[in-house]
Structures are given as C-alpha cells and as structure tokens.
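Close look at the chain arrangement
Given next are the chains, with one letter for each unit.
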Amino acid sequence: MPTRSDVERVLLPLGTAALAIVAWSLAVRLTHTTVFPSPLKVAAGLRELAARGVLWRYTGDSLRRVATGYSLALVLGVPAGLALGWIPALASAFNPVIQMARPISPLAWMPLAILWFGVSEAAPDLLIFLGAFFPIVVASMNGVRSVPAMYLQAGRNFGLSTPRLLARVVFPAALPQILVGLRIALGIAWLVVVAAEMIAVDSGLGYLIIDSRNAGKRYDLVVAGMLLIGAIGLVLDVVARRLERLRSVRWGFQGETA
Amino acid sequence: MTPPPKVSIRGLSMRFPTDGSVIEVLSSIDLEVKDGELVCILGPSGCGKSTLLNIVGGFLKATSGAVLIDEQEVAGPDPRRIFVFQERGVFPWLTVEGNVGFGLFRLGAAERAERIAYYVKLVGLSGFENAYPQELSGGMKQRLEVARALAVNPDVLFLDEPFGALDSITRLVMRSELLRIRRAEKKTILFVTHDIDESVQLADRVVVMSTRPATIRRIVEIDMSHPRDLSSPRYIALRDLLLGEIGLAHKI
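Description of the structure in this document. (Residues numbered from 1 in each chain as written. Chains lettered and ligands numbered in written order. Predicted model: local features only at pLDDT ≥ 70, side-chain atom pairs only at ≥ 80, totals over all residues. Heavy atoms only, no water.)

This paragraph deals with the overall build of chain A. When its secondary structure is counted, chain A shows 10 helices and zero strands. When the elements of chain A are put in sequence order from the N terminus, they spell out α-α-α-α-α-α-α-α-α-α. Total accessible area on chain A is roughly 13900 Å²; 70% of this is exposed by carbon and sulfur atoms. (Helix = DSSP H or I, 4+ residues; strand = E, 2+ residues; numbered from the N terminus. Areas by Shrake-Rupley, 256 points an atom, 1.4 Å probe, with all protein chains shown as cover.)

Here it is as structure tokens:
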C-alpha cells in the first residue's frame, strides 16, 4: 500500500501535470485555434525532431555550452570568492565592481560578445560564464565571511598554517553556502543558454525555438522545445540538490525541506 | 625547592577602545597555576573572565602585563594548550573520528588511528566513530570536543564555560566525566565558569573575579577530596563563602 508521503511526492505532481495537459487539450479544442498546438501535436513534433536527428544534437549542443561556460565560472568563481571572503582589502577593492556588474543581465553583453567573437561558440559561452560567475563568487565570498570565528580559532589552536586552515576549516565550513550558489548559478546558466542561442548561434534548443517560429510558424516545435528546456532544467536542479544531501554538508541545510 | 608554576599571569591589564572612550576589562591580574592543577575562574557574566582566558590562550594580546607558560612568554595559540568551547566548537563537516583526529595531521596513519580509537573510547563515544555531530546529543558533542583537544596531548586545557549550554543533569554527568578524564590524563586546567556549584565541585582552587574592570577578589582553596559530597557541611560552607564573595544575598 502506498504511504502518504509516496502519494504526496509522486502521485500529486503527476496528477497535477495530467490535469494541466487535459486542460491544455480542452482549451485548444474549445477555442478552435489553428495556431496553438494541442498536446498530441506537440508530441508528434517531438517525434519528428527525434526522427530528424536534431533533438539529441540540439540538446547536446545546449548542454555542452552550459558545461563550458559553467565550468569556467566554477573554476574561476569559487577561488575568487574564497579570496574575496578571506582578504577584506580585496573585497573592498572589488566588491563595488562586482555589485555593479551583477545586476547587468548577461544578455546585455550580447552585442559585445558578438563584436568580440562573432557568431561563434564563444559568444554564448561568454554569456553563460557571466551569468553563472557572479552568483558563484558572491556565494563563496559570503560563505567564507560567515564562517564562525570559533572554527577559525580552533583551527589556529591546533597549529594549522593559513593554507591548511583554508583547506581544512574555511572551505568545508563555507561549502554549504557555496553549493547553494552553484545550484542557483546552474539554473541561471540554463536560462541564459536558451536566450543566447536565439541570437548568437544556429544550433541548440534556443535556436530550435526561434527557428521553428521564423521558418514556417511551427508552434508545435516551439512548445516542444519549451517543454524540453523545462524538463532538462528540472533534472539539472534535482542533480544539484542531490549534492546538498551529502553527509559532510547536510549540517548546513538543517531546517530546510527537501 | 618548589617547582616553577605551569602558568604565571603577571600584572595583566586589558583595555578595549570603544568609540570615544576606553573600557578597562581586566585590571592588574596576578595568578599562578601549578602543574596539574584545576583552577576555576569564577565571576558574573561579562566580567572579562573569557577575555582573560583568551589572553592566556594566546588569542588576544594584553594591553600590559605578561603570561608565562613553562616560564616562556605566550606569543600566540599553541597546540600544547588547547581551548575548549561550548559544544558548538566541534566541526560539523567531520565525523567523530575526523574531529578527534583533526589536530593529528603531523602523525603517521597508524599512530593517528590508534590515538583516535583511544580518545573516542576515553570519552565514551565508542560506536559513534562515523557519526556526524548533528546526530549527537549536546553532551556527546561536548565529549567529542574534549576528545579532540586531548588527542593532541596538550599539557594545558582552557575550558570556557564548556557545559553552559547543556541541561542540568547532563552538566552534572559531564563534570564527573571531566574529573574522571583528569585522573586518566594529568592536565593543567583553567576552567571559566559563572556557576558557583560547578566551581566547588571541580576546582582545586577557585579564583573569584570582581565585576568590570575585573580584578581578583579572592582565591579560595577547595580542600575536599574527590568524589565530593555535595550535601556535606564543608561543601555548603565553601559554596556559601563563594556566594558571599560574588556578592549575592542568600535569600534571592
């Protein structure tokens, strides 16, 4: 017999999704629209994309761009944030610049990205990097700043040198906050890649959407692309949340519901 | 010839500048602690006794005066002298084993494992080696922190109101645990507390501090052997003496 929590975790969301599809289907039928596709048409569109081979290719292209830009943001952002959090003078020097650059939508960089790199892979990679870099830097910096003084004092007491203190106390103590930043940044990266692909390149899920609309008003493919983006985004978030359940960081997520 | 004191505090004063004025926290403190002695520093909250402990531990620099341990001036924190906080000081990202072994990074793997096993057993955490602090009770976390400190084999322990966050029954258990551990490992212990009973139960001598700027009001020798009978006339007399020194009326 299914328990209550099974019902809530699995059946309720599935039921809601089923209801939404039924409502969508009914709405299309009742309004007699010829432009907006029904769920069945979208499913057929997905099969068509798979048959043409673009489904996997475009999905792969989008994921590869996110992987490139995001990895770069991760590799540069975490050390930069740790340094800014650890050295107050560095934070004083760079924080105003960071706080000013942060609210600029990565998409606003598009003209410059195209100017510098042309219509190439590097343009969306740069935008994804910019979108992910700042949240990672700020989360890492704040993570280091909020390490309780008691942990630092204990680390020093046991004779740890500064590099050891950073590796064995500061980083693990800040890790829960850093992971939150990484998860948020991954979500942003996935938002940015779609937008960037609409403008700067001719492949990927963002390109699929804009191309399907421009070349023949194929709204079945537009919606199919949107659903794919949503589903992949959900999977990415679930994977990122999994990291927060590791035993060595779970202490930082007390009182948070899964 | 008497052996030199383990800890010697000489003419120690501490002043903190705050906006516009200077607050004097400690005023000409002189104290000597013998090797292996357990001294409680007793005073009201905010009297500066934690500041005193932080100076002796090397985490703060005094405005004037000096602290000598083994006749050497204290210049900074040192693994031979470990500070124990309330149980919040354990590292939540490490298991019990990881916490106990934290300060043992200079040892080889075999000796490390041996020491970890010994101190986990000494503080009664056997069976919890792979547990994380969040899975332990407050008292267990406090034992863990004591084990982490003892594992590096320090000769002085500084305890800053270590049992203050525990419930009263756990606190009684932890006091007898501390005395048991002290019999196994002869350490010099400076124990800061605002709890009069705690000081009479644990200390060889109780140093009574005044309110700010803190000076030493009186040093009371607790001439009772362990285990101490908490309802004996001597215990009650000493407690009443300390109550009077702290300046609390008997019928609050």
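Next comes the rest of the write-up.
Attention now moves to the interface of chain A and chain B. Taken together, the 20 residues of chain A in the interface contact 27 residues of chain B. For the pairing of chain A and chain B, the buried interface totals around 2200 Å² over both sides, and the portion due to carbon and sulfur atoms is 62%. Remark: the boundary between chain A and chain B carries two salt bridges. Here E135(B) ties to R247(A) by a salt bridge, and the two come within 3.2 Å at their closest N and O atoms. Here chain A is connected to chain B by nine residue pairs in polar contact (both at pLDDT 80 or more). Elements that contribute at least two residues to the side of chain A that touches chain B include exactly α7 (149-157) and α8 (162-199) of chain A. Counting residues per element, the side of chain A that touches chain B draws most heavily on α7(A), at seven residues. (Contact = heavy atoms within 4.5 Å. Buried area = accessible area lost by both parts, 1.4 Å probe. Salt bridge = Lys/Arg side-chain N within 4 Å of Asp/Glu carboxyl O. Polar contact = N/O pair within 3.5 Å; in protein donor to acceptor, adjacent residues only side chain to side chain.)

The next point concerns the pattern of salt bridges. Note on pairing: side chains with opposite charge can pair once their charged atoms come close. Throughout the structure, instances matching the rule amount to 33 salt bridges over all chains. One salt bridge connects R250(A) with E135(B), and the closest N-O pair in it is separated by 3.8 Å. Of the two residues, R250(A) sits in the segment after α10 (219-243) while E135(B) sits in the loop between α3 (109-122) and α4 (138-151), which places them in two different chains. Note on E135(B): relative accessible area 39%, which makes it partly exposed. Linking R81(B) and D78(B) is a salt bridge whose minimum nitrogen-to-oxygen distance equals 3.9 Å. Note on D78(B): relative accessible area 15%, which makes it buried. Via salt bridges that share partners, D61(A), R64(A), R65(A), E121(A) and E197(A) belong to a single interconnected network. (Buried < 20%, exposed > 50% of the residue type's maximum accessible area, 1.4 Å probe, protein only.)

A word on the packing of aromatic side chains. Enumeration over the complete set of coordinates arrives at 14 aromatic pairs over all chains. Ring geometry for F158(A) versus F102(B): centroids 5.8 Å apart, planes at 75°, classification edge-to-face. You can see F158(A) sitting in the loop between α7 and α8 and its partner F102(B) sitting in the loop between α2 (96-100) and α3, one on each of two chains. Against the face of F102(B) rests R168(A), its NZ or CZ located 4.2 Å from the ring centre. Between R148(B) and the ring centre of F91(B), over which it is positioned, the NZ or CZ distance is 4.5 Å. (Phe/Tyr/Trp six-rings, centres within 6.5 Å; stacked < 30°, edge-to-face > 60°. Lys NZ or Arg CZ within 6 Å of the ring centre and 35° of its normal.)

What sets the pattern is the α-helix's 3.6 residues per turn: residues three or four places apart point alike. Residue and element names in this part refer to chain A. Along its 28 residues, helix α1 (residues 4-31) runs 38 Å from first to last C-alpha, staying within 8% of the 40 Å computed at 1.5 Å per residue. Of all the bends in α1, the greatest reaches close to 35° and is centred on L11; the proline P13 follows between one and four positions later. Positive phi appears at H32, one or two residues downstream of α1, with a value of about 55°. (Expected span 1.5 Å × (residues − 1). Bend = angle between axes of the 7 residues up to and from the residue.)

Attention now moves to helix α1 (residues 49-56) of chain B. Residues and elements named next belong to chain B. Taking burial as the measure, the eight residues of α1 include seven buried ones, the bulk of the element. Of all the residues in α1, the buried ones are K49, T51, L52, L53, N54, I55 and V56. G58 occupies a position one or two residues after α1 and carries a positive phi of about 90°.

Residue and element names in this part refer to chain A. A surface patch of nonpolar side chains, amounting to about 430 Å² of accessible area, comprises V7, V10, L11, L12 and L14. Counting through the fold element by element, L14 comes out in helix α1. The class for L14 is exposed, based on a relative accessible area of 55%. (Patch = residues over 30% accessible without salt bridge, like charges linked within 9 Å, V, L, I, M, F, W, Y side chains within 5 Å.)

The next subject is the sheet that holds strand β6 (residues 81-84) of chain B. Residue and element names in this part refer to chain B. The sheet built from six strands is open, its strands ordered β6-β7-β8-β3-β9-β10 with mixed pairing. Each end of this open sheet is capped by a strand with a single partner; those strands are β6 and β10 (216-221). Adjacent strand axes in the sheet meet at a mean angle of 15°, parallel and antiparallel pairs treated alike. Here strand β3 (residues 38-42) pairs with strand β9 (residues 205-209) via four bridges, running parallel. In the sheet register, L42 faces β9, and the bridge partner there is V208. In the packing of α4 onto the sheet, the strands contacted are β6 and β7 (156-160), and the crossing angle to β6 comes to about 170°. (Pairing = 2+ DSSP bridges. Axes fitted to C-alpha atoms, helices over the stretch in contact; angles between N-to-C directions.)

Residue and element names in this part refer to chain B. Relative to the helices and strands, K49 is located in helix α1. It is 25 Å that separates the C-alpha atoms of K49 and N153, two residues lying 104 residues apart in sequence. Non-local contacts of K49, meaning those with residues more than four positions away in its chain, are made with I41, L42, G43, P44, E161, V192, T193 and H194. From its side chain, K49 meets the backbone oxygen of G43 in a polar contact 3.2 Å long. A distance of 3.4 Å separates a polar atom in the side chain of K49 from a polar atom in the side chain of E161.

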